[in-house]
Number of protein chains: 4
Amino acid sequence: MPIVPPVLHPPFNIVRVSHVEYTVTDLARSKAYWVDALGFIVTAETADALYLRALEERNHHCVILRKGTTACVRVLGFKVYEEEDLDRAARWFATQGRPAAFVDVVHQGRTLRTTDPFGMPIEFYTAMDQVPSLLQHYGAYKGASPQRIDHINCFTPDVQRSYEFYSAMGFRTSEYTATEDTDTIWAIWMHRKGGVHDLALTNGYGPRLHHIGVWVSQMTDIIRICDVLSTTGFLPTMERGPGRHGISNAFFLYLRDPDGHRIELFNSDYMTVDPDLEPKRWSLRDPQRQTLWGAPAPKSWFEEGSIFPGVDVSEPTLKAQPIVAH
Amino acid sequence: MPIVPPVLHPPFNIVRVSHVEYTVTDLARSKAYWVDALGFIVTAETADALYLRALEERNHHCVILRKGTTACVRVLGFKVYEEEDLDRAARWFATQGRPAAFVDVVHQGRTLRTTDPFGMPIEFYTAMDQVPSLLQHYGAYKGASPQRIDHINCFTPDVQRSYEFYSAMGFRTSEYTATEDTDTIWAIWMHRKGGVHDLALTNGYGPRLHHIGVWVSQMTDIIRICDVLSTTGFLPTMERGPGRHGISNAFFLYLRDPDGHRIELFNSDYMTVDPDLEPKRWSLRDPQRQTLWGAPAPKSWFEEGSIFPGVDVSEPTLKAQPIVAH
Amino acid sequence: MPIVPPVLHPPFNIVRVSHVEYTVTDLARSKAYWVDALGFIVTAETADALYLRALEERNHHCVILRKGTTACVRVLGFKVYEEEDLDRAARWFATQGRPAAFVDVVHQGRTLRTTDPFGMPIEFYTAMDQVPSLLQHYGAYKGASPQRIDHINCFTPDVQRSYEFYSAMGFRTSEYTATEDTDTIWAIWMHRKGGVHDLALTNGYGPRLHHIGVWVSQMTDIIRICDVLSTTGFLPTMERGPGRHGISNAFFLYLRDPDGHRIELFNSDYMTVDPDLEPKRWSLRDPQRQTLWGAPAPKSWFEEGSIFPGVDVSEPTLKAQPIVAH
Amino acid sequence: MPIVPPVLHPPFNIVRVSHVEYTVTDLARSKAYWVDALGFIVTAETADALYLRALEERNHHCVILRKGTTACVRVLGFKVYEEEDLDRAARWFATQGRPAAFVDVVHQGRTLRTTDPFGMPIEFYTAMDQVPSLLQHYGAYKGASPQRIDHINCFTPDVQRSYEFYSAMGFRTSEYTATEDTDTIWAIWMHRKGGVHDLALTNGYGPRLHHIGVWVSQMTDIIRICDVLSTTGFLPTMERGPGRHGISNAFFLYLRDPDGHRIELFNSDYMTVDPDLEPKRWSLRDPQRQTLWGAPAPKSWFEEGSIFPGVDVSEPTLKAQPIVAH
């Protein structure tokens, strides 16, 4: 039984996943995709960076696109409950033998930067600059009408080890996929904020970012963006979907931005705030796990991801593989 | 029994309602509403007129907005099947004692202009300039994503007399409202193209145009435009809805443009191409006739309409009244 | 240029495609699928047959499922405008050298039975028994909430020849696919009632029925039936979709009933009543033709179909092939 | 400034609102409404009670309907994080001078029963019997496809006093309505679980329960239930909507069960987990507060509610009134 009991009193209080900072190789091209096509809002723009937020968000940004020479992911950001949680976090990472340092980051103040056991760069802060929610500025809606960042999904070469690290931080499990024979975890979905996940871990060459998940209000928003992308020159960016995941129940669409960074637009997962919620187990052999309606995912979806600069990617220890489309 | 048998071999072949020409008092203001807010497409723009079409339409326009000093409706346009139908129509109107004249109209060629028994200006043509359908130009969708003109609804002071006139022209009845006691028709829905209506007639001070009906693809398009209008300064233009009509089954929203011209956006009526389709009768006393879900329409919806220039408006002969909201 | 001018004054007036009679091998199993899962309404049930209609329909049935030993399609039915059209049809088929005979068919009266040049059995009638529309009996909606039969799609070994035959009957072309090099028609969509099609013809081993198309009111109805089928034991019946066709703009889902008969559930095509509507050409090489969003159709979708009893199936003369999923 | 700072470290940890126990006067009639019409699931049924849950819920029930002679609400239930929170709660209520007693309640174990300052009966427990989620049992979906209980809304004669009591318990404010002149709170929305509310308080004769809010997955689910209720004999149960609230952004429908207990079905509020989220203020004079699209609520919606047995109802101290429909 590879699932460990949830840590109900974690060493520090993470509220939710908050933001991702990407390196992109052509800011104008990225803006055309994220802003003009998908409908993200530009909160701020500098010579070398775009700060984006989704429609309901009051935090300054959920995505930073920074100009660079190699497409990659610079950091994954989490919001903690209060200032003191940053100090608690610093102490905890020290006990884990993970170097952590405080830096002052524009728009989000005192920030703790560290890495997980595989070197994946993560950061914690407590208060980001607040800006107006555009939730009821319906005139500003376009593209996919993205509402808010919901989760990140990461490849790791050892899901069990990564899972135990994040579980110790207080992430609680909602669902997981395990191999039939050895009952080894192949992928796991963990949350802090009471949805299916803030953080998912998937078996694969890692650490790499598989995708960020962005919540949209209605399933019809996803159909609309399929129509828009496929008829405005962005057909090649549509990687998978629309479809329904068995895991999480999400109605999903997977996109690849101009640098290959993967974005999931989704709707209709469920609430997980109850601390006694039992994790749901799926077999790696069950194809409805990935698509309730039956169509397998393309190979690229299982194999490609965004690297973290300077972080070595390792081969996964678990060799079991899901069914893929040819 | 006030319903007459359908005329299965009409004197000339009307394909469908095609367009409406309005006089508006401020073109820029009208453009802001019809184009920027509702999402109609500008096919052509002159110093004093805007030619608009909806997204799937290949005809040059379904709405003309012409600058003038008094808001009114200049003409209601119908497309006939072939050139010879114009001549057949001319002969038929002559037999009805209705003056009719051929004029040459830009974008639609030879056009027969005439009036109905109450003086309502109507015109017939067979081939309008063709332009690209934007049905799959999803990047051009905005506002309500209007798809096509579907029908016109007119006040008449004598529904029975107007009904018999249009019935003789080949309009077939799909539904009607009649008084409980005398079984007198209070309103009637008639079609040529196989939907619930191309033309509806409603008891009231007339002739006046009650509204044009514009079809949208999904009910969620109507919810979206409610959100957009109500948060971009156009809340006062929302007159009624959204709701479901008992009659026609339409999921509807009624709007008033800056000159008070009424526009219905709707979805989900049904097919009526079968010539043996029996008209459906509703009682004027049945409130679900107007709103299946119960809420009565506002008074303005029953009382206000767009005039035709120089055409006298008469009091309706039938005094029965539906239930209205206070 | 393989497209012929539309026949604007056809020899007899076909209103629309009306019904299909299938042979199925297990009536109870078919009922479980069509009625309990998909939501068709049983108008009548005999020892060896089920008469089904969709929710808005007033005709007695659009589908007959008749018990037999071999799954096949017995006849494709069309409604004509008036009684005299049956006699006009009989005369026309005689001139085409196609044997035609009048039979009396329960629920639909005098019926003309004949075949097309490849032996595909078709029949014509003018008045079917009328039953209540359940359009506003929302308590009876379930499964996919099917609204009405819309079209049939048939494999033919020679699309050009079949097309010319049906065109001469008055079917008008809305869209077609042609080979890039020789401009040979590979598939064609033709209508009588003013939608994209009543009848489509596809290159392949034929004559066979490819599918019947059933219109649903909203795209969300299709998402719902995907969820229902995939979680109630009917996952294997989901062959393709949901997705958006480039051709016709339909949001589609393809299903296979327990005997392999293919059913398309779809929403959102467009209006084609204008006689001057130019047919839209697609290249066989354009993958967005079949799926606007990019995913190719499975091989089975191109290769499998329902046979007509006693009718020989021929190899198609045109060898060009579309792109398929592996 | 009537808003107090949020209590970030509350005396005990409430997870969310969990359930409501009603007295109803005719169990069979209530079952026909809640189960057959609205689509709630029966988890258990006894001679005098029905235990209902919504589709995604794993808790044994969110609604108990108990047979009685007078329609009323017996208790409002909240889930706490862990067993010890019950003891912490008991101590805290003691310090507030509110009598509290532990009882053992079937299906939910040790339960703390108490009342708020106006005598409203509330209870706390930590672990309810777990049952299967039907989230992906799509064959069981019907009616409104209710997904989960989301919130309760209560009339109180003194919103400020009630608000301060629940705020001290850790409920955080998302939105509130205040009078223009005196800046007095007229209504307030407070949450524990990171949505717009678990508990709302409204100025009026109280304490009474205004409604429970039940979340549905899509706006189209609400349109569907309008169609079903209005055509299956339940039209009189439709009190208000569908519409969009300004407050909370909910797309809503208000219903009254056979005993007059009010149920809100809604979709599309937003996430509030960030502890630094600033409450949003609305003016009582702003009609878009109650309906973004403009239509005022009926008088009954402001005046009627469910009583608590043996609890005196007091006149509100604040006399300001919102705009209502005539």
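Residues numbered from 1 in each chain as written. Chains lettered and ligands numbered in written order. Predicted model: local features only at pLDDT ≥ 70, side-chain atom pairs only at ≥ 80, totals over all residues. Heavy atoms only, no water.

Another aspect to go through is the overall build of chain A. Across its full length, chain A carries five helices and 18 strands. Whereas a compact globule of 326 residues would reach a radius of gyration of roughly 20 Å, chain A reaches 19 Å, a difference of no more than 12%. Counting only C-alpha atoms and orienting by the principal axes, one finds that chain A spans roughly 50 × 45 × 40 Å. Within chain A, buried positions represent 66% of all 326 residues. In chain A, the share of contacts with a sequence separation of at least 24, taken over all contacts with a separation of at least 6, comes to 70%. Roughly 10,500 Å² of accessible area belongs to chain A as shown, and the carbon and sulfur atoms make up 53% of that amount. For chain A, the separation between the mean place of its 32 positive charges and that of its 39 negative charges on side chains is 2 Å. (Helix = DSSP H or I, 4+ residues; strand = E, 2+ residues; numbered from the N terminus. Rg over C-alpha atoms; globule rule 2.2 N^0.38 Å. Buried < 20%, exposed > 50% of the residue type's maximum accessible area, 1.4 Å probe, protein only. Contact = heavy atoms within 4.5 Å. Areas by Shrake-Rupley, 256 points an atom, 1.4 Å probe, with all protein chains shown as cover. Lys, Arg positive; Asp, Glu negative; His and termini not counted. Charge placed at Lys NZ, Arg CZ, Asp CG, Glu CD.)

Looking now at the sheet that holds strand 6 (residues 100–105) of chain A. Residue and element names in this part refer to chain A. The strand order across the open sheet built from eight strands is 2-3-4-1-5-8-7-6, with neighbouring strands paired in mixed fashion. With partners counted over all chains shown, the strands left at the sheet margins are strand 2 (41–45) and strand 6, one partner each. Neighbouring strand axes in the sheet, compared pairwise and without regard to direction, differ in orientation by 25° on average. Here five bridges tie strand 1 (residues 14–24) to strand 4 (residues 63–67), and the two strands are oriented parallel to one another. Its bridge partner being in strand 4, Tyr22 is matched across the sheet by Leu65. In this fold helix 2 (residues 83–95) packs onto strand 5 (72–80), strand 6, strand 7 (109–115) and strand 8 (121–125), with an angle of close to 20° to the strand it touches most, strand 7. (Pairing = 2+ DSSP bridges. Axes fitted to C-alpha atoms, helices over the stretch in contact; angles between N-to-C directions.)

Taken together, the 17 residues of chain C in the interface contact 17 residues of chain A. Together, the buried faces of chain C and chain A total about 1,500 Å²; carbon and sulfur atoms form 70% of this surface. Between the two partners, chain C and chain A, sit six residue pairs in polar contact (both at pLDDT 80 or more). In terms of residue class, the side of chain C that touches chain A is built from nine nonpolar, six polar and two charged. (Buried area = accessible area lost by both parts, 1.4 Å probe. Polar contact = N/O pair within 3.5 Å; in protein donor to acceptor, adjacent residues only side chain to side chain. Nonpolar A, V, L, I, M, F, W, Y, C, P; charged D, E, K, R; others polar.)

Once that is clear, we can look at helix 2 of chain A. Residue and element names in this part refer to chain A. Among the residues making up helix 2, those that are buried are Asp85, Leu86, Ala89, Trp92 and Phe93. What you see down the axis of helix 2 is that its buried residues fit within an arc of 125°, all on one side. Exposed residues on helix 2 whose side chains face more than 90 degrees from its buried face are Arg91, Ala94 and Thr95. Considering only its buried residues, helix 2 is in contact with strand 5, strand 6, strand 7, strand 8 and helix 3 (159–168). Of the residues one or two after helix 2, Gly97 is the one with positive phi, at around 70°. (Arc of directions from axis to C-beta.)

In the superposition of chain C on chain A (RMSD 0.0 Å, axial shift 0.0 Å), the rotation amounts to 180°. Both copies of the chain, as the preceding transformation shows, are related through a two-fold rotation axis. The fraction of interface residues of chain C whose copies in chain A are also interface residues reaches 100%, indicating that both copies meet through the same surface. (Least-squares fit on C-alpha atoms with pLDDT ≥ 70 in both.)

Placing chain A over chain D gives an RMSD of 0.0 Å and needs a rotation angle of 180°, together with 0.0 Å of translation along the axis. A high fraction, 100%, of the interface residues of chain A reappear at the interface in chain D, so the copies pair face to face through one surface.

Attention shifts here to the sheet that holds strand 5 (residues 72–80) of chain C. All names here are of chain C. Strands sit in the order 2-3-4-1-5-8-7-6 across an open sheet of eight strands; the sheet is mixed. The two strands at the open ends of the sheet, each matched to only one other strand, are strand 2 (41–45) and strand 6 (100–105). In this sheet, neighbouring strand axes are inclined to one another by 25° on average, regardless of whether the strands run parallel or antiparallel. Here four bridges tie strand 3 (residues 49–53) to strand 4 (residues 63–67), and the two strands are oriented antiparallel to one another.

Moving on: the side chain of Glu82(B). The residue Glu82(B) is located in the loop between strand 5 (72–80) and helix 2 (83–95) in this model. Judged by its relative accessible area of 13%, Glu82(B) falls in the buried class. At 2.8 Å, the side chain of Glu82(B) and the side chain of His9(C) are in polar contact. Sequence-distant contacts of Glu82(B), that is, excluding residues within four places in its chain, are made with Arg88(B), Thr126(B) and His9(C).

Before going further, it helps to spend a moment on the interface of chain A and chain D. Taken together, the 41 residues of chain A in the interface contact 41 residues of chain D. Interface area for chain A against chain D, summed over the two sides, is near 3,500 Å², with a carbon-plus-sulfur share of 47%. Interface area lost by chain A to chain D is led by Arg58(A), Tyr81(A) and Gln136(A), which between them contribute 19%. At the surface where chain A touches chain D, the tally comes to six salt bridges. (Salt bridge = Lys/Arg side-chain N within 4 Å of Asp/Glu carboxyl O.)

Where nonpolar side chains cluster on the molecular surface, the patch consists of Tyr205(A), Ile307(A) and Val313(A) and spans about 250 Å² of accessible area. Secondary-structure assignment places Ile307(A) in strand 18 (residues 306–307). (Patch = residues over 30% accessible without salt bridge, like charges linked within 9 Å, V, L, I, M, F, W, Y side chains within 5 Å.)

Residue Pro207(B) is reached from Gly206(B) by a cis peptide bond, and omega for that bond is 10°. On the secondary structure map, Pro207(B) appears in the loop between strand 12 (199–203) and strand 13 (208–216). Positive phi, close to 80°, is recorded for His107(C), a residue that is not glycine. Considering the arrangement of structural elements, one finds His107(C) in the loop between strand 6 and strand 7 (109–115).

Our next topic: the confidence of the model for chain A. In regions of low pLDDT, the predicted coordinates are not meant to be interpreted in detail. Averaged over all residues, the pLDDT of chain A is 97; the fraction at 70 or higher stands at 99%. Across the interfaces of the predicted complex, the ipTM metric reaches 0.96, alongside a pTM of 0.98. (pLDDT = per-residue confidence, 0-100.)

Here we come to the pairing of strand 8 (residues 121–125) of chain B. All names here are of chain B. Of all five residues making up strand 8, five are buried, and the element is well covered by its neighbours. With burial as the criterion, each face of strand 8 is covered, one bearing Pro121, Glu123 and Tyr125 and the other bearing Ile122 and Phe124. Judged from the four bridges that link them, strand 5 and strand 8 form a sheet pairing that is parallel. By the bridge assignment for strand 8, Phe78 is matched with Phe124. By the bridge criterion, four bridges tie strand 7 (residues 109–115) to strand 8 in an arrangement that is antiparallel.

With that settled, consider the pattern of salt bridges. Applying the stated criterion to the full structure yields 96 salt bridges over all chains. In this structure, Asp198(B) engages Lys193(B) in a salt bridge whose closest nitrogen and oxygen atoms are separated by 2.8 Å. Of the two residues, Asp198(B) and Lys193(B), neither departs from the other in class, the shared state being buried. In this structure, Lys142(C) engages Asp36(C) in a salt bridge whose closest nitrogen and oxygen atoms are separated by 4.0 Å. On the criterion of sequence distance, the pair formed by Lys142(C) in the loop between strand 8 (121–125) and strand 9 (146–156) and Asp36(C) in helix 1 (residues 27–37) is long-range, its members being 106 residues apart.

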